[in-house]
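So the chains spell out like this:
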Number of protein chains: 2
Amino acid sequence: MGRTRHDRFDCSPGCAVEATLSLIDGKWKGVVLYHLMAGTMRFNEIRRKLPNVTQRMLTNQLRELEADGLITRTVFAQVPPRVDYDLSERGRTLEPVILALKTWGDANMPSAGSAAA
Amino acid sequence: MGRTRHDRFDCSPGCAVEATLSLIDGKWKGVVLYHLMAGTMRFNEIRRKLPNVTQRMLTNQLRELEADGLITRTVFAQVPPRVDYDLSERGRTLEPVILALKTWGDANMPSAGSAAA
DNA sequence: TCCAATGGTATCCTTTTCGACACTATGGGC
DNA sequence: GCCCATAGTGTCGAAAAGGATACCATTGGA
């Protein structure tokens with residue numbers, strides 16, 4: 001239960017494309033990454049941003065992003081549990097990619113991004 | 001059997017990210033798009049580039065890309081069937097995104113892109 | 001006549017992903 | 001004592017994505 005999709009990248013040069021895609025793909029990862037670009041967030045804070053995600057799903061995505069070294073998870077051993085999520089160094093290098101994705105979406109999708117915002 | 005993943009984009013602003021992702025996601029779409037950036041290709045030509053894809057899968061991905069208006073499919077009514085695939089206008093606007101994906105992959109993936117190439 | 005090549009389609013089956021829902025631990029408020 | 005919030009985990013099952021395999025039509029070549 002570690003990898004999202006393919007482990008082996010035995011394709012042609014275009015492979016790097018798929019490899020990158022495999023990290024940010026997964027229904028909510030893109031959005032999570034996007035929101036994290038704005039700064040540290042707590043679990044429920046992220047959850048409130050994504051009204052249609054269940055804890056299980058969010059936990060899952062967060063764990064995968066952490067396993068891929070894109071985000072850091074800081075647990076505060078407090079009584080009301082508190083966990084901070086942050087983009088890691090590596091995660092920050094993904095910013096241009098996320099931004100490219102968002103820019104294209106804003107410019108080319110029929111009614112996404114600005115609509116329902 | 002049109003959309004790959006989500007139809008409704010009822011999420012927050014980060015939505016555009018997911019929207020774009022939903023177009024280029026799908027196991028082989030990224031690579032197909034990448035190869036198409038080099039120019040027109042015929043069905044079997046693409047197939048030969050992706051040794052692990054079955055016709056069904058390739059046909060599927062190609063149809064979805066076509067339905068999303070990212071590629072054009074030109075059928076020549078000849079006896080040995082011939083079909084050309086090309087990036088559409090819209091598909092070409094995706095080039096920077098694909099490139100961003102590839103660049104990041106080359107730079108940040110343990111051993112993808114250059115390895116096994 | 002049979003085989004090969006082209007670009008598919010149809011059918012079946014497995015794997016992966018996603019979503020619903022319930023349950024946990026701790027402490028505070030009422 | 002009961003419910004709320006925090007940040008999860010576990011199980012179950014449905015749906016979707018992906019893969020294997022076989023089949024179709026046409027025509028040229030051996």
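Residues numbered from 1 in each chain as written. Chains lettered and ligands numbered in written order. Predicted model: local features only at pLDDT ≥ 70, side-chain atom pairs only at ≥ 80, totals over all residues.

Draft legend 1. View of the packing of helix α2 (residues 29–36) of chain B against helix α6 (residues 95–108) of chain B. All names here are of chain B. Two numbers describe how α2 lies on α6: the axes approach to 10 Å, and their chain directions differ by 110°. Taken together, α2 and α6 sit at an angle that is classed as roughly perpendicular. Note that α2 runs across α6; the crossing there is left-handed. On the side of α2, the interface is formed by G30, L33 and Y34, while α6 contributes I98, L101 and K102. Across the contact of α2 with α6, the residue classes break down as four nonpolar, one polar and one charged. (Axes fitted to C-alpha atoms, helices over the stretch in contact; angles between N-to-C directions. Helix = DSSP H or I, 4+ residues; strand = E, 2+ residues; numbered from the N terminus. Parallel < 35°, antiparallel > 145°, perpendicular 65-115°, else oblique. Left-handed = near helix turned anticlockwise from the far one by under 90°. Contact = placed C-beta atoms within 7 Å. Nonpolar A, V, L, I, M, F, W, Y, C, P; charged D, E, K, R; others polar.)

Draft legend 2. Broad picture of the sheet that holds strand β2 (residues 71–76) of chain A. Residues and elements named next belong to chain A. Strand order across the open sheet formed by three strands is β1-β3-β2, with antiparallel pairing between neighbours. The open sheet has two free edges, formed respectively by β1 (41–42) and β2, since each of these has just one partner strand. Where β2 meets strand β3 (residues 82–87), six bridges bridge the pair, whose relative direction is antiparallel. Pairing of V75 across the sheet is with V83, part of β3. (Pairing = 2+ DSSP bridges.)

Draft legend 3. Main features of helix α4 (residues 55–67) of chain A. All names here are of chain A. Taking 1.5 Å per residue as the helical rise, α4 with its 13 residues ought to reach 18 Å, and the 18 Å between its terminal C-alpha atoms agrees with that figure. When we look at burial in α4, the residues that qualify are Q61, L62 and L65. Along α4, the residues classed as buried sweep out an arc of 100° about the axis, all on the same side. Exposed and facing more than 90 degrees away from the buried side of α4 are Q55 and R56. As for α4, its buried residues are in contact with α2 (29–36), β2 and β3. (Expected span 1.5 Å × (residues − 1). Buried ≥ 20, exposed ≤ 12 C-beta atoms within 10 Å, placed from the backbone. Arc of directions from axis to C-beta.)

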